[in-house]
Amino acid sequence: MKYFKMFEFSCHHCGGLPKGGMNPVLLEKLDKLRGVVGHPIEVSSGYRCPEHNRRIGGVDDSQHVLGSAADIYCDYITTEKLAEYAEQVGFDGIGIYIEDGFVHV
């Protein structure tokens, strides 16, 4: 990874990462996205252990639990623009949370 460090994806509850690590496709696309955006992208939620996912009301089959999703934001562009760029670099399953200020990829 060029732009991110693994600790940015650690679970907020236990500090862990999934056994096999974060999904390499996710990490590759996030690096591409950072290059396109041209500004730092922050990870507000990466991996979630099952307990943390339950505590915050996440769905049972959340991609966060698998290490295949991240909630991200960028202070320099709008949430909508970040989602547009995410689609351009090949993300699917994009969720736009305008009021909360993040994009789920």
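Our subject is the structure that appears above.
Residues numbered from 1 in each chain as written. Predicted model: local features only at pLDDT ≥ 70, side-chain atom pairs only at ≥ 80, totals over all residues. Heavy atoms only, no water.

A. Up close: the nonpolar core. By size, the foremost hydrophobic cluster in this structure holds 24 residues, and its most contacted members are L30, L33, I72 and V105. Of all the secondary-structure elements, those providing two or more residues to this core are α1 (24-37) and α4 (79-88). Counting residues per element, this core draws most heavily on α1, at 5 residues. Those residues within four positions of I72 in sequence are excluded, and the remaining contacts are L30, L33, I41, E42, V43, S44, L82, G101, F102, V103 and V105. (Core = buried A, V, L, I, M, F, W, Y, C linked by side-chain atoms within 4.5 Å. Buried < 20%, exposed > 50% of the residue type's maximum accessible area, 1.4 Å probe, protein only. Helix = DSSP H or I, 4+ residues; strand = E, 2+ residues; numbered from the N terminus. Contact = heavy atoms within 4.5 Å.)

B. Structural context of the sheet that holds strand β4 (residues 102-104). Pairing is antiparallel in the open sheet, where 4 strands are placed in the order β1-β2-β4-β3. Strands with a single pairing partner mark the edges of an open sheet, and in this sheet they are β1 (42-45) and β3 (95-97). Across this sheet, the average inter-strand angle for adjacent strands is 30°, counted without regard to direction. Note: β1 against strand β2 (residues 71-73), 3 bridges, orientation antiparallel. (Pairing = 2+ DSSP bridges. Axes fitted to C-alpha atoms, helices over the stretch in contact; angles between N-to-C directions.)

C. Representation of the environment of K2. Mapping K2 onto the fold places it in the segment before α1. The exposed category is assigned to K2, whose relative accessible area is 65%. Here the alpha-carbon distance between K2 and H64, two residues 62 residues apart in the chain, equals 21 Å.

D. Main features of α1. Across its 14 residues, α1 extends 20 Å between first and last C-alpha, which sits within 8% of the 20 Å expected from 1.5 Å per residue. Of all the residues in α1, the buried ones are L26, L27, L30, D31, L33, R34 and V37. The buried side chains of α1 occupy one side of the element, clustering within an arc of 160° when seen end-on. Residues of α1 that are buried make contact with β2 and α4. By the N-cap criterion, in which a side-chain oxygen at the helix start approaches the backbone nitrogen of a residue two or three places on, α1 is capped by N23, the distance to V25 being 2.7 Å. The positive-phi residue at the C-terminal boundary of α1 is G38, with phi of around 80°. (Expected span 1.5 Å × (residues − 1). Arc of directions from axis to C-beta. Polar contact = N/O pair within 3.5 Å; in protein donor to acceptor, adjacent residues only side chain to side chain.)

E. Local environment of the packing of aromatic side chains. Going through the model one piece at a time under the given rule, you end up with 2 aromatic pairs. Each ring, one from F4 and one from F9, has its centre 6.0 Å from the other, and the planes form 55°; the classification is tilted. Judged on exposure class, the residue F4 and its partner F9 are both buried. Ring centres 4.6 Å apart and planes at 15° place the aromatic pair Y97 and F102 in the stacked group. Residue class for Y97 comes out partly exposed when judged on its relative accessible area of 39%. Sitting over the ring of F91, K29 keeps its end group 5.8 Å from the ring centre. (Phe/Tyr/Trp six-rings, centres within 6.5 Å; stacked < 30°, edge-to-face > 60°. Lys NZ or Arg CZ within 6 Å of the ring centre and 35° of its normal.)

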